[in-house]
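So you can see what is in the structure, the chains are spelled out below.
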Amino acid sequence: MITCKKCLELISVYIDNDLDKSIIENLEKHLAQCKNCMAMLHTVEKTIFLSSRYYKNKSYKVPKRVSARLLYQVRIRYKKP
Amino acid sequence: MKKSDALAVIKEHDLIERAKNQDHAAFEELVKRNQARIYNLGLKLLGNKEDAADLLQETFINAYYALPKFEGKSAFSTWLYKIATNNAFMKMRKKKIPLVRFDSQSFSEDKKYPLEISDWSGNPKAHLHNQELKMLIEKSVDALPGKYKTIFVLHDIEGFSTEEISKMLGLSVPAVKSRIHRSRMFLRDKLSQYFQQRVEIGTR
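It should be emphasised that the depicted structure is a prediction, and the values quoted were computed from it without experimental measurement.

Undergrad: How would you explain the nonpolar core if you had to name every residue and give the values?
TA: Membership of the largest hydrophobic core comes to 69 residues, with the highest contact counts inside it found for Phe27, Leu56, Phe60, Leu67, Phe76, Trp79 and Ile137 of chain B. Considering each element in turn, this core owes the most residues, ten residues, to helix H3 (residues 24–46) of chain B. Apart from the residues lying within four places of it in its own chain, the contact partners of Phe27 of chain B are Val74 and Tyr78 of chain A together with Ala19, Phe60, Ala63, Tyr64 and Leu67 of chain B. In terms of nonpolar packing, the next biggest core, distinct from the first, is built from 19 residues, Ile11, Leu31, Cys34 and Met40 of chain A among them.

In C-alpha coordinates form, the structure reads like this:
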(Lines give C-alpha, C1' and ligand atoms only; values in the text may rest on other atoms or scores of the structure.)
Protein backbone atom coordinates (compact mmCIF):
# COMPACT_ATOMS: atom_id res chain seq x y z
CA MET A 1 0.00 0.00 0.00
CA ILE A 2 1.16 3.49 -0.80
CA THR A 3 0.46 6.29 1.66
CA CYS A 4 -0.24 9.90 0.67
CA LYS A 5 3.17 10.90 1.97
CA LYS A 6 4.89 8.27 -0.18
CA CYS A 7 2.75 9.22 -3.15
CA LEU A 8 3.79 12.84 -2.81
CA GLU A 9 7.46 11.85 -2.71
CA LEU A 10 7.07 9.86 -5.91
CA ILE A 11 5.06 12.39 -7.90
CA SER A 12 8.00 13.94 -9.75
CA VAL A 13 9.64 10.67 -10.74
CA TYR A 14 6.19 9.42 -11.79
CA ILE A 15 5.72 12.47 -14.02
CA ASP A 16 9.18 11.91 -15.49
CA ASN A 17 8.34 8.26 -16.15
CA ASP A 18 11.24 7.12 -14.04
CA LEU A 19 9.64 4.45 -11.82
CA ASP A 20 9.51 0.65 -11.80
CA LYS A 21 6.37 -0.93 -13.23
CA SER A 22 5.36 -2.50 -9.94
CA ILE A 23 5.54 0.83 -8.14
CA ILE A 24 3.64 2.57 -10.93
CA GLU A 25 0.79 0.07 -10.52
CA ASN A 26 0.57 0.66 -6.79
CA LEU A 27 0.86 4.39 -7.19
CA GLU A 28 -1.89 4.50 -9.79
CA LYS A 29 -4.14 2.41 -7.53
CA HIS A 30 -3.63 4.98 -4.80
CA LEU A 31 -4.18 7.91 -7.17
CA ALA A 32 -7.43 6.41 -8.41
CA GLN A 33 -8.82 6.40 -4.86
CA CYS A 34 -7.29 9.58 -3.46
CA LYS A 35 -8.72 12.84 -4.69
CA ASN A 36 -6.07 14.89 -2.91
CA CYS A 37 -3.12 13.09 -4.42
CA MET A 38 -4.72 13.19 -7.85
CA ALA A 39 -5.19 16.95 -7.47
CA MET A 40 -1.58 17.21 -6.36
CA LEU A 41 -0.44 15.30 -9.45
CA HIS A 42 -2.47 17.50 -11.78
CA THR A 43 -1.34 20.74 -10.21
CA VAL A 44 2.34 19.71 -10.31
CA GLU A 45 1.93 18.82 -13.99
CA LYS A 46 0.29 22.18 -14.64
CA THR A 47 3.10 23.94 -12.77
CA ILE A 48 5.69 22.32 -15.05
CA PHE A 49 3.62 23.06 -18.15
CA LEU A 50 3.00 26.71 -17.28
CA SER A 51 6.53 27.57 -16.23
CA SER A 52 8.22 25.80 -19.13
CA ARG A 53 5.85 27.41 -21.64
CA TYR A 54 6.35 30.81 -20.06
CA TYR A 55 10.13 30.64 -20.45
CA LYS A 56 10.01 29.08 -23.90
CA ASN A 57 7.93 31.98 -25.15
CA LYS A 58 10.36 34.37 -23.57
CA SER A 59 13.55 33.82 -25.49
CA TYR A 60 15.77 36.75 -26.44
CA LYS A 61 18.28 37.40 -29.19
CA VAL A 62 21.72 38.40 -28.00
CA PRO A 63 21.85 42.21 -28.41
CA LYS A 64 24.29 43.22 -31.18
CA ARG A 65 26.32 45.31 -28.75
CA VAL A 66 26.71 42.35 -26.39
CA SER A 67 27.63 39.98 -29.18
CA ALA A 68 30.22 42.40 -30.58
CA ARG A 69 31.79 42.89 -27.15
CA LEU A 70 31.94 39.13 -26.68
CA LEU A 71 33.75 38.60 -29.99
CA TYR A 72 36.14 41.42 -29.16
CA GLN A 73 36.93 39.91 -25.76
CA VAL A 74 37.59 36.53 -27.34
CA ARG A 75 39.73 37.99 -30.15
CA ILE A 76 42.08 39.94 -27.90
CA ARG A 77 43.00 36.63 -26.29
CA TYR A 78 44.12 34.92 -29.48
CA LYS A 79 47.70 36.15 -29.37
CA LYS A 80 48.44 35.63 -25.71
CA PRO A 81 47.93 32.03 -24.66
CA MET B 1 30.96 31.35 -51.40
CA LYS B 2 32.52 33.45 -48.67
CA LYS B 3 34.60 31.75 -46.00
CA SER B 4 32.10 32.66 -43.29
CA ASP B 5 29.24 31.12 -45.30
CA ALA B 6 31.19 27.91 -45.68
CA LEU B 7 31.72 27.67 -41.92
CA ALA B 8 28.00 27.85 -41.31
CA VAL B 9 27.45 24.42 -42.86
CA ILE B 10 30.29 22.63 -41.08
CA LYS B 11 29.39 20.09 -38.42
CA GLU B 12 30.03 21.07 -34.84
CA HIS B 13 32.45 18.22 -34.31
CA ASP B 14 34.67 19.47 -37.16
CA LEU B 15 34.48 23.04 -35.94
CA ILE B 16 35.74 21.93 -32.53
CA GLU B 17 38.66 20.07 -34.10
CA ARG B 18 39.53 23.11 -36.19
CA ALA B 19 39.22 25.46 -33.22
CA LYS B 20 41.53 23.21 -31.21
CA ASN B 21 44.05 23.66 -33.99
CA GLN B 22 44.03 27.44 -33.61
CA ASP B 23 41.41 28.10 -36.30
CA HIS B 24 39.93 31.26 -34.78
CA ALA B 25 37.14 31.56 -37.34
CA ALA B 26 35.98 28.09 -36.34
CA PHE B 27 35.89 29.08 -32.68
CA GLU B 28 33.92 32.21 -33.55
CA GLU B 29 31.42 30.09 -35.43
CA LEU B 30 30.98 27.98 -32.28
CA VAL B 31 30.38 31.20 -30.35
CA LYS B 32 27.78 32.36 -32.88
CA ARG B 33 25.92 29.06 -32.78
CA ASN B 34 25.76 28.80 -29.00
CA GLN B 35 25.66 32.36 -27.70
CA ALA B 36 21.86 32.72 -27.63
CA ARG B 37 21.39 29.63 -25.47
CA ILE B 38 23.97 30.77 -22.94
CA TYR B 39 22.66 34.34 -22.92
CA ASN B 40 19.10 33.14 -22.27
CA LEU B 41 20.31 30.76 -19.59
CA GLY B 42 21.99 33.74 -17.92
CA LEU B 43 18.78 35.78 -18.08
CA LYS B 44 16.84 32.99 -16.39
CA LEU B 45 19.42 32.25 -13.71
CA LEU B 46 20.53 35.79 -12.92
CA GLY B 47 17.44 37.78 -13.83
CA ASN B 48 18.99 40.77 -15.62
CA LYS B 49 20.65 41.66 -18.92
CA GLU B 50 23.92 42.98 -17.49
CA ASP B 51 24.70 39.81 -15.56
CA ALA B 52 23.56 37.66 -18.50
CA ALA B 53 25.95 39.53 -20.81
CA ASP B 54 28.82 39.12 -18.33
CA LEU B 55 28.04 35.44 -17.90
CA LEU B 56 28.02 34.97 -21.67
CA GLN B 57 31.42 36.61 -22.01
CA GLU B 58 33.04 34.77 -19.11
CA THR B 59 31.68 31.45 -20.35
CA PHE B 60 33.19 31.76 -23.82
CA ILE B 61 36.49 33.11 -22.55
CA ASN B 62 36.71 30.12 -20.20
CA ALA B 63 35.67 27.84 -23.03
CA TYR B 64 38.38 29.29 -25.26
CA TYR B 65 41.09 28.47 -22.71
CA ALA B 66 39.59 25.10 -21.76
CA LEU B 67 38.92 23.88 -25.28
CA PRO B 68 42.12 21.78 -25.54
CA LYS B 69 40.75 19.76 -22.60
CA PHE B 70 37.34 19.16 -24.21
CA GLU B 71 37.29 15.49 -25.15
CA GLY B 72 33.86 15.25 -26.68
CA LYS B 73 32.51 12.93 -23.99
CA SER B 74 29.45 15.12 -23.75
CA ALA B 75 27.82 17.40 -26.32
CA PHE B 76 29.62 20.70 -26.78
CA SER B 77 26.56 22.59 -25.55
CA THR B 78 26.45 20.47 -22.38
CA TRP B 79 30.09 21.29 -21.77
CA LEU B 80 29.34 25.00 -22.24
CA TYR B 81 26.41 24.76 -19.83
CA LYS B 82 28.72 23.25 -17.26
CA ILE B 83 31.03 26.25 -17.52
CA ALA B 84 28.10 28.69 -17.57
CA THR B 85 26.37 27.22 -14.50
CA ASN B 86 29.64 27.30 -12.53
CA ASN B 87 30.04 30.94 -13.44
CA ALA B 88 26.42 31.61 -12.50
CA PHE B 89 26.97 30.05 -9.05
CA MET B 90 29.99 32.30 -8.52
CA LYS B 91 27.94 35.36 -9.40
CA MET B 92 25.14 34.26 -7.07
CA ARG B 93 27.63 33.80 -4.24
CA LYS B 94 29.01 37.28 -4.83
CA LYS B 95 25.50 38.70 -4.69
CA LYS B 96 24.75 36.69 -1.55
CA ILE B 97 21.90 34.86 -3.25
CA PRO B 98 21.29 31.66 -1.26
CA LEU B 99 22.30 28.60 -3.28
CA VAL B 100 20.59 25.81 -1.35
CA ARG B 101 18.63 27.34 1.51
CA PHE B 102 14.91 27.98 1.08
CA ASP B 103 13.65 31.21 2.63
CA SER B 104 10.37 29.63 3.51
CA GLN B 105 10.22 25.95 4.43
CA SER B 106 6.50 26.02 4.76
CA PHE B 107 5.38 24.47 1.54
CA SER B 108 3.24 21.41 1.09
CA GLU B 109 5.85 18.70 1.50
CA ASP B 110 6.45 19.78 5.08
CA LYS B 111 2.82 20.09 6.06
CA LYS B 112 0.83 17.50 7.98
CA TYR B 113 -1.36 14.93 6.29
CA PRO B 114 -4.02 14.62 5.12
CA LEU B 115 -3.84 17.71 2.98
CA GLU B 116 -6.84 19.32 1.41
CA ILE B 117 -5.76 19.97 -2.14
CA SER B 118 -7.98 21.32 -4.86
CA ASP B 119 -7.19 20.99 -8.51
CA TRP B 120 -6.75 24.19 -10.48
CA SER B 121 -9.72 24.99 -12.59
CA GLY B 122 -9.75 24.87 -16.33
CA ASN B 123 -7.20 24.27 -19.01
CA PRO B 124 -3.82 25.74 -18.04
CA LYS B 125 -3.39 27.01 -21.61
CA ALA B 126 -6.16 29.51 -20.98
CA HIS B 127 -3.99 31.15 -18.34
CA LEU B 128 -0.78 31.32 -20.37
CA HIS B 129 -1.25 34.93 -21.37
CA ASN B 130 -2.41 36.20 -18.02
CA GLN B 131 -0.03 38.94 -16.97
CA GLU B 132 -0.52 38.32 -13.26
CA LEU B 133 0.34 34.64 -13.64
CA LYS B 134 3.39 35.40 -15.77
CA MET B 135 4.73 37.73 -13.12
CA LEU B 136 4.03 35.17 -10.43
CA ILE B 137 5.90 32.45 -12.37
CA GLU B 138 8.90 34.70 -12.81
CA LYS B 139 8.87 35.83 -9.19
CA SER B 140 8.48 32.27 -7.90
CA VAL B 141 11.27 30.77 -10.02
CA ASP B 142 13.42 33.66 -8.89
CA ALA B 143 12.64 32.87 -5.26
CA LEU B 144 14.12 29.37 -5.62
CA PRO B 145 17.59 28.98 -4.07
CA GLY B 146 20.27 29.28 -6.79
CA LYS B 147 21.09 25.62 -7.23
CA TYR B 148 17.43 24.57 -7.23
CA LYS B 149 16.58 27.25 -9.76
CA THR B 150 19.45 26.08 -11.98
CA ILE B 151 18.40 22.44 -11.81
CA PHE B 152 14.77 23.30 -12.45
CA VAL B 153 15.68 25.44 -15.48
CA LEU B 154 18.06 22.82 -16.89
CA HIS B 155 15.57 19.98 -16.49
CA ASP B 156 12.07 21.35 -16.95
CA ILE B 157 12.82 24.22 -19.31
CA GLU B 158 16.00 23.32 -21.20
CA GLY B 159 15.19 19.60 -21.27
CA PHE B 160 18.46 18.13 -19.98
CA SER B 161 18.25 14.67 -18.42
CA THR B 162 18.96 14.06 -14.74
CA GLU B 163 22.15 12.20 -15.77
CA GLU B 164 23.38 15.15 -17.83
CA ILE B 165 22.64 17.58 -15.00
CA SER B 166 24.37 15.30 -12.52
CA LYS B 167 27.54 15.42 -14.64
CA MET B 168 27.24 19.13 -15.27
CA LEU B 169 26.92 20.06 -11.61
CA GLY B 170 28.89 17.26 -9.99
CA LEU B 171 25.88 16.00 -8.02
CA SER B 172 24.52 12.47 -7.70
CA VAL B 173 21.49 11.57 -9.83
CA PRO B 174 19.27 11.07 -6.72
CA ALA B 175 20.33 14.52 -5.46
CA VAL B 176 19.35 16.05 -8.81
CA LYS B 177 15.99 14.27 -8.76
CA SER B 178 15.29 15.37 -5.23
CA ARG B 179 16.03 18.98 -6.11
CA ILE B 180 13.81 18.85 -9.18
CA HIS B 181 11.03 17.54 -6.97
CA ARG B 182 11.46 20.16 -4.25
CA SER B 183 11.63 22.96 -6.83
CA ARG B 184 8.40 21.80 -8.46
CA MET B 185 6.63 21.51 -5.11
CA PHE B 186 7.81 24.97 -4.14
CA LEU B 187 6.59 26.45 -7.44
CA ARG B 188 3.31 24.54 -7.24
CA ASP B 189 2.71 26.03 -3.85
CA LYS B 190 3.42 29.55 -5.11
CA LEU B 191 1.26 29.20 -8.22
CA SER B 192 -1.62 27.73 -6.25
CA GLN B 193 -2.10 31.18 -4.70
CA TYR B 194 -3.09 32.49 -8.12
CA PHE B 195 -5.50 29.65 -8.85
CA GLN B 196 -6.94 29.58 -5.34
CA GLN B 197 -7.77 33.24 -5.54
CA ARG B 198 -9.53 32.69 -8.87
CA VAL B 199 -11.67 29.91 -7.44
CA GLU B 200 -12.63 32.13 -4.53
CA ILE B 201 -13.71 35.05 -6.68
CA GLY B 202 -15.49 32.64 -9.00
CA THR B 203 -13.59 33.33 -12.22
CA ARG B 204 -13.51 29.87 -13.64
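Undergrad: I'd love a proper account of helix H4 (residues 64–75) of chain A, names of residues and values included.
TA: Residues and elements named next belong to chain A. For H4, with twelve residues, the first-to-last C-alpha span of 16 Å sits near the 16 Å given by 1.5 Å per residue. Buried within H4 are the following residues: Val66, Ser67, Leu70, Leu71, Gln73 and Val74. The buried residues of H4 occupy an angular sector of 160° when projected down its axis, which confines them to one face. Away from its buried face by more than 90 degrees, H4 exposes Lys64, Arg65 and Tyr72.

Undergrad: Tell me about the pattern of salt bridges, residues and numbers included.
TA: Where charged atoms from two side chains of opposite charge come close, those side chains can pair. Tallying each qualifying case throughout the model produces 16 salt bridges over all chains. Lys58 of chain A is the partner of Glu138 of chain B in a salt bridge, and the nearest nitrogen-oxygen pair spans 3.0 Å. Residue Glu138 of chain B is located in helix H6 (residues 131–143), and its partner Lys58 of chain A is located in the loop between helix H3 (35–57) and H4; the two belong to separate chains. Judged by its relative accessible area of 25%, Lys58 of chain A is partly exposed.

Thresholds applied
Residues numbered from 1 in each chain as written. Chains lettered and ligands numbered in written order. Predicted model: local features only at pLDDT ≥ 70, side-chain atom pairs only at ≥ 80, totals over all residues. Heavy atoms only, no water. Core = buried A, V, L, I, M, F, W, Y, C linked by side-chain atoms within 4.5 Å. Buried < 20%, exposed > 50% of the residue type's maximum accessible area, 1.4 Å probe, protein only. Helix = DSSP H or I, 4+ residues; strand = E, 2+ residues; numbered from the N terminus. Contact = heavy atoms within 4.5 Å. Expected span 1.5 Å × (residues − 1). Arc of directions from axis to C-beta. Salt bridge = Lys/Arg side-chain N within 4 Å of Asp/Glu carboxyl O.

Everything listed is a geometric property; what it means functionally is a separate question.
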